[in-house]
Amino acid sequence: MDTTIKLALIINDPDLPAALRVIAQKVQNQQRITFDEGVYLYEHAELGYLGVLANHIREQKHGDKTYFNRNFHLEPTNLCVYDCKFCSYSRLIKQKEEGWALTLDEMLDVVKKYDAEPVTEVHIVGGVLPQYDVAFYSALFTAIKKHRPELHVKALTPVEYHYIFKKAKIDYATGMKLMKDAGLESIPGGGAEIFHPDIRNVIAKDKCTGQQWLDIHEEWHKLGMRSNATMLYGHIEKFEHRVDHMEQLRELQDRTGGFQTFIPLKFRNQHNQMENVPEVSVIEDLRNYAIARIYLDNFDHIKAYWAMISRQTAQLSLNFGVDDIDGTLDDTTKIYSMAGAEEQNPAMSTKELVELIRQVKRKPIERDTLYNVVTDFTDVVFEGDVKPQFYKLPVIN
Ligand code: SF4
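Residues numbered from 1 in each chain as written. Predicted model: local features only at pLDDT ≥ 70, side-chain atom pairs only at ≥ 80, totals over all residues. Heavy atoms only, no water.

Cut-off, in case you're wondering: UniProt positions are given in the numbering used here, feature names are shortened, and annotations may be inferred rather than shown by experiment.
Under an unreviewed UniProt entry, the protein has the name Aminodeoxyfutalosine synthase and belongs to Pedobacter metabolipauper. As recorded by UniProt, the Function (unreviewed entry) comment attached to the protein reads in full: "Radical SAM enzyme that catalyzes the addition of the adenosyl radical to the double bond of 3-[(1-carboxyvinyl)oxy]benzoate, leading to aminodeoxyfutalosine (AFL), a key intermediate in the formation of menaquinone (MK, vitamin K2) from chorismate."

In structure tokens, the structure reads:
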């Protein structure tokens, strides 16, 4: 059934609370919902209702297109001067026997390993260490661009930038300009966690504040550049904190238009200092994607990391507002497996990812970092395939 018809049924359902019908009407009219309405959705809206609204918005924006990109991860170190309570990845400097810290040449060797691969992006993120400073990262970005000019450098978060700029005694505007001149092309969404200080000061108290995270992205956007945003959800935060987080992103996006994608990140409770905090359910994951799609009316894309939430939940999420599945991965990233991902050493080939998307009747589109179409895989037949495999409804006798 067409999403518009489903939405109309909700708007005219006399059994639904008036507040939910008002929100559905706003979605139909492409009007923005308020902070209080966002909290109301988290508290009262059931999954089916949220799916109709979020899928309507998703299909208005993108139809059946589902984006992915081919990238690889470069993780300079898992040692870190910070000690975020939720972090399963980092090792404090005093535990350095459990960690790694690559030199510039070793990092370039990682990049060179992909010379023959059709990747379009290197995603660089890791821990924070004093030796990785402004000069080091400038040299790294420049060397990567010199080696492979067409490879898009997406690197570091405001956590690293705040640290290295403070150490270099330069302001954010000057620092981001230096990074851009060195070869940086976009910023991933990490380090946002939850902006509200009541939560941030408990789970990530020493690194950049929520406001500093936003300020660095704003300076980057002022240079005409693009970035992403994340939210770590499902731990000790309340619904109000999630909406506050999205409200601050929405407000900055109104001013700059520089964000491309919002990526909800599920808190996992393995191998970190919050093992006593239960994880939220798959239902809550899907509700959260849907509410993000409804609330962030000025964000083009909502992305799911399949490695973090499982392949099947990623497929389901495509009906709850998600239009981008984080792409083909190999073992270049340790972040997922160390944080309790659904699969140890998650890896998926392009063919597998394309089939994953096709199975739920969506159109797989390979994109570059800036969402330019690289390949439309809708009708591509892979070697060995007879034809694209679509999900078939079971026959009921
Ligand atoms: S989340 Fe990032 S900043 Fe915090 S301890 Fe882990 S690697 Fe360091």
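**Quick look at the overall build of the protein**
Quick reminder of the rule: For helices the rule is a DSSP run of H or I covering at least 4 residues; for strands it is a run of E covering at least 2, with both sets numbered from the N terminus onward. Throughout, the radius of gyration refers to the C-alpha atoms, and the reference size of a globule is 2.2 Å times the residue count to the power 0.38. Remark: exposure states derive from per-residue accessible area (1.4 Å probe, protein chains only) relative to the maximum for the residue type, with buried under 20%, exposed over 50%, and partly exposed in between. Surface accessibility follows the Shrake-Rupley procedure with a 1.4 Å probe radius. Residue values consider only the protein chains on display as shielding. By the counting rule applied here, Lys and Arg register as positive and Asp and Glu as negative, while His and the ends of each chain are not counted. By convention, the point assigned to a charge is CZ for Arg, NZ for Lys, CD for Glu and CG for Asp.
The secondary structure content of the protein amounts to 16 helices and 13 strands. The C-alpha atoms of the protein give 21 Å as radius of gyration, which agrees with the globular expectation for 397 residues (21 Å, within 12%). Principal axes of the C-alpha set define a box for the protein whose edges measure 60 × 55 × 40 Å. Residues classed as buried in the protein amount to 58% of the 397 residues present. Carbon and sulfur atoms make up 52% of the accessible area of the protein, which totals about 16,900 Å². Separation between the mean location of the 47 positive side-chain charges and that of the 58 negative ones in the protein comes to 1 Å.

**Describing the domain arrangement of the protein**
Using the following cut-off: Start and end positions for the domains come from either an automated domain assignment or a database one. Here a residue-residue contact requires only that any non-hydrogen atoms of the pair lie within 4.5 Å. Reported buried area values correspond to the accessible surface (1.4 Å probe) lost by two parts on association, with both partners' losses combined.
You can read the domains of the protein as domain 1 (3–62) and domain 2 (66–376). Computed from C-alpha coordinates alone, the two centres of domain 1 and domain 2 are separated by 29 Å. Taken together, the 23 residues of domain 1 in the interface contact 34 residues of domain 2. Here domain 1 packs against domain 2, burying approximately 2,400 Å² in sum over the two surfaces, 64% of which is carbon and sulfur.

**Quick notes on the pattern of salt bridges**
The cut-off we apply is this: Salt bridge criterion: a side-chain nitrogen from Lys or Arg within 4 Å of a carboxyl oxygen from Asp or Glu.
Tallied over the entire structure, the rule returns 23 salt bridges. Between Glu185 and Lys145 there is a salt bridge, with the nearest N and O atoms lying 2.9 Å from each other. Within this pair, whereas Glu185 is found in the loop between helix 8 (172–182) and strand 7 (186–187), its partner Lys145 is found in helix 6 (residues 134–147), the two being separated by 40 residues in sequence. Take Glu185: its relative accessible area is 24%, and that puts it in the partly exposed class. The class of Lys145 is buried, set by a relative accessible area of 17%. A salt bridge links Lys205 to Asp206; the nearest nitrogen and oxygen atoms lie 3.8 Å apart. With respect to burial, Lys205 and Asp206 carry one shared label: exposed.

**Quick word on the site of the ligand**
Rules: Distances are taken per atom, and a residue is near a molecule or strand as soon as one of its heavy atoms is within 4 Å of it. Note that Gly is not counted as nonpolar here; it falls among the polar residues with everything else outside the nonpolar set of Ala, Val, Leu, Ile, Met, Phe, Trp, Tyr, Cys and Pro and the charged set of Asp, Glu, Lys and Arg.
All residues in the neighbourhood of the ligand are listed as Cys80, Tyr82, Cys84, Phe86, Cys87, Ser90, Gly127, Val159 and Lys207. Here the residues of the shell around the ligand are counted per class, giving six nonpolar, two polar and one charged.

**What to know about the confidence of the model for the protein**
Applied cut-off: How sure the predictor is of each residue is captured by pLDDT, a score from 0 to 100.
With 90% of its residues at a pLDDT of at least 70, the protein reaches an overall mean of 91. Below a pLDDT of 50 lies the segment residues 388–397, which in the model reaches 11 contacts outside its immediate sequence neighbourhood of four places, other chains included.

**Some words on the packing of aromatic side chains**
For the record, the criterion: Note on aromatic contacts: the rings of Phe and Tyr and the six-membered ring of Trp form a pair at centre separations within 6.5 Å, being stacked when their planes are under 30 degrees apart, edge-to-face when over 60 apart, and tilted otherwise. The rule is short: NZ of Lys or CZ of Arg within 6 Å of the ring centre and within 35 degrees of the ring normal puts a charge over the ring.
Per the counting criterion, the structure on display carries 15 aromatic pairs. Arranged with centres 5.0 Å apart and planes meeting at 10°, the rings of Tyr42 and Phe239 form a pair that is stacked. With a gap of 197 residues between them, Tyr42 in helix 3 (residues 35–44) and Phe239 in helix 11 (residues 239–256) connect regions that are remote in the sequence. For Tyr42, a relative accessible area of 2% translates into the label buried. By relative accessible area, Phe239 is classed as partly exposed at 25%. Residues Phe262 and Phe299 carry aromatic rings whose centres are separated by 6.3 Å and whose planes lie at 85° to one another, so their mutual orientation is edge-to-face. On the criterion of sequence distance, the pair formed by Phe262 in strand 9 (residues 259–266) and Phe299 in the loop between helix 12 (282–295) and strand 10 (301–304) is long-range, its members being 37 residues apart. Of the residues examined, Phe262 reaches a relative accessible area of 0% and is grouped as buried. Taken together, the aromatic side chains of Phe195, Trp213, Phe259, Phe262 and Phe299 make up a single cluster linked through ring pairs. The positively charged end of Arg250 is found above the aromatic ring belonging to Tyr295, 3.9 Å away from the centroid. When the ring centre of Tyr371 is taken as reference, the NZ or CZ atom of Arg367 above it lies at 4.2 Å.

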